[in-house]
Amino acid sequence: MELTINNLSKTYPNGVKALNNISLTIPQGMFGLLGPNGAGKSTLMRTIATLQDPDEGSIILDTTDVLKDPQTVREQLGYLPQDFGLYPRINAQVMLDHIAQMKGVGNKGERKELVESLLQKVNLYQHRRKALGTYSGGMRQRFGIAQALVGNPKLIIVDEPTAGLDPSERNRFYNLLSEIGENTIVILSTHIVEDVNTLCSNMAIICQGEVLMTGKPSEGIASI
Ligand code: ADP
Ligand code: ADP
């Protein structure tokens, strides 16, 4: 599986050029999209997630033209936006069951099994009956990953997931992300160099809507 982005450009109506001719090849595994605030990361993530159209360019997932056939991609996508909202009064178990139902996952019994395994995976099983509004920042992010994993997506996009987490929560989150399946593309957008060094096998640095460099974190990005 491979995601190819060709010459993607987007200028907002206010004249901000958020993406300026971006081209990237994203292989399986954990891919880090590193850049400062305002670099264009969220715009790129939303565009890949088919929530927003670019002005120009194409996105190809294996053989699917993502912009022409968004439905195929949506079926394979797990997306964790930055600042996603949670229904504060619903508990984790009920919420995940709703999401599984919306995504058409099996019958009641199959959903129960899936929901329990996801809650265990993200270490929230013991908190499954607590209202989501009572969750800490780290718990929210882990719950977000559980949401994104419903339906076994092959493409997972997580936008700035570690912003605002303290070091121990961040480490728990790293452990969780590193357990996500091998035959999956995970795109992690972040402004934190350590996120990319710890987790990613490949990465790109973007700034002002342009790709500055691509490569492997092991090749050294401590200096940016
Ligand atoms: P990020 O933290 O990724 O930079 P922003 O704070 O820029 O995110 O954006 C948060 C939301 O506000 C997004 O939905 C984005 O589209 C919108 N937004 C950001 N900048 C502007 C702007 N200059 N004008 C209108 N909407 C904006
Ligand atoms: P990042 O996620 O790297 O912080 P964004 O994609 O959120 O970057 O934003 C890139 C640039 O586009 C920023 O200058 C931001 O203010 C601007 N921007 C984002 N969303 C909008 C929007 N809806 N309308 C206008 N400008 C926007």
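Higher on the page you've got the structure.
Residues numbered from 1 in each chain as written. Chains lettered and ligands numbered in written order. Predicted model: local features only at pLDDT ≥ 70, side-chain atom pairs only at ≥ 80, totals over all residues. Heavy atoms only, no water.

(A) The arrangement of unusual backbone geometry in detail. Despite not being glycine, Asp62 shows a phi value in the positive range, around 55°. Assignment of secondary structure puts Asp62 in the loop between strand S4 (56-61) and strand S5 (64-65). In this model, Asn152 sits at a positive phi of 60°, which is unusual for a non-glycine residue. Tracing the backbone through its elements, the reader meets Asn152 in the loop between helix H5 (137-149) and strand S7 (155-159). (Helix = DSSP H or I, 4+ residues; strand = E, 2+ residues; numbered from the N terminus.)

(B) Expanded view of the site of ligand 1. Inspection of the region around ligand 1 gives Asn14, Ser42, Arg46 and Gln82 as its neighbouring residues. One of the side-chain N or O atoms of Ser42 is found 2.7 Å from an oxygen atom in ligand 1. At 2.9 Å from an oxygen atom of ligand 1 is found a side-chain nitrogen or oxygen belonging to Gln82. Contact with the protein chains covers 31% of the free accessible surface of ligand 1, which is 540 Å². For the shell around ligand 1, the class distribution of residues is no nonpolar, three polar and one charged. (Near = heavy atom within 4 Å. Polar contact = N/O pair within 3.5 Å; in protein donor to acceptor, adjacent residues only side chain to side chain. Areas by Shrake-Rupley, 256 points an atom, 1.4 Å probe, with all protein chains shown as cover. Nonpolar A, V, L, I, M, F, W, Y, C, P; charged D, E, K, R; others polar.)

(C) Layout of the site of ligand 2. The full set close to ligand 2 counts 13 residues, and Gly38, Gly40, Lys41, Ser42 and Thr43 are the nearest of them. Here Thr43 contributes a side-chain N or O atom positioned 2.5 Å from an oxygen atom of ligand 2. Look at ligand 2: alone it shows 560 Å² of surface, and the protein chains cover 64% of it. With four residues, the single largest contributor to the shell around ligand 2 is helix H1 (residues 41-48). When grouped by side-chain class, the residues that make up the shell around ligand 2 number five nonpolar, six polar and two charged.

(D) Local environment of helix H3 (residues 92-102). All of the buried residues along H3 are Ala92, Met95, Leu96, Ile99 and Ala100. The buried residues of H3 occupy an angular sector of 135° when the element is viewed end-on, so they sit on one face. Considering only its buried residues, H3 is in contact with helix H4 (108-121) and H5. Between a side-chain oxygen at the N-terminus of H3 and the backbone nitrogen of Gln93 the separation is 3.0 Å; the capping residue is Asn91. Just downstream of H3, Gly104 is the residue with a positive phi angle, here 75°. (Buried < 20%, exposed > 50% of the residue type's maximum accessible area, 1.4 Å probe, protein only. Arc of directions from axis to C-beta. Contact = heavy atoms within 4.5 Å.)

(E) Representation of the pairing of strand S8 (residues 185-190) in the model. When you tally the buried positions in S8, you get six out of six residues, the bulk of the element. The alternating pattern of S8 places Ile185, Ile187 and Ser189 and Val186, Leu188 and Thr190 on opposite faces, both of which are buried. Pairing of strand S3 (residues 29-34) with S8, which is carried by six bridges, proceeds in the parallel orientation. Across the sheet, residue Gly29 finds its bridge partner in S8, namely Ile185. Between the parallel pair S7 and S8, the chain is carried across by helix H6 (residues 167-178), and the sense of this crossover is right-handed. (Pairing = 2+ DSSP bridges. Right-handed = clockwise from strand over helix to strand, strands pointing away.)

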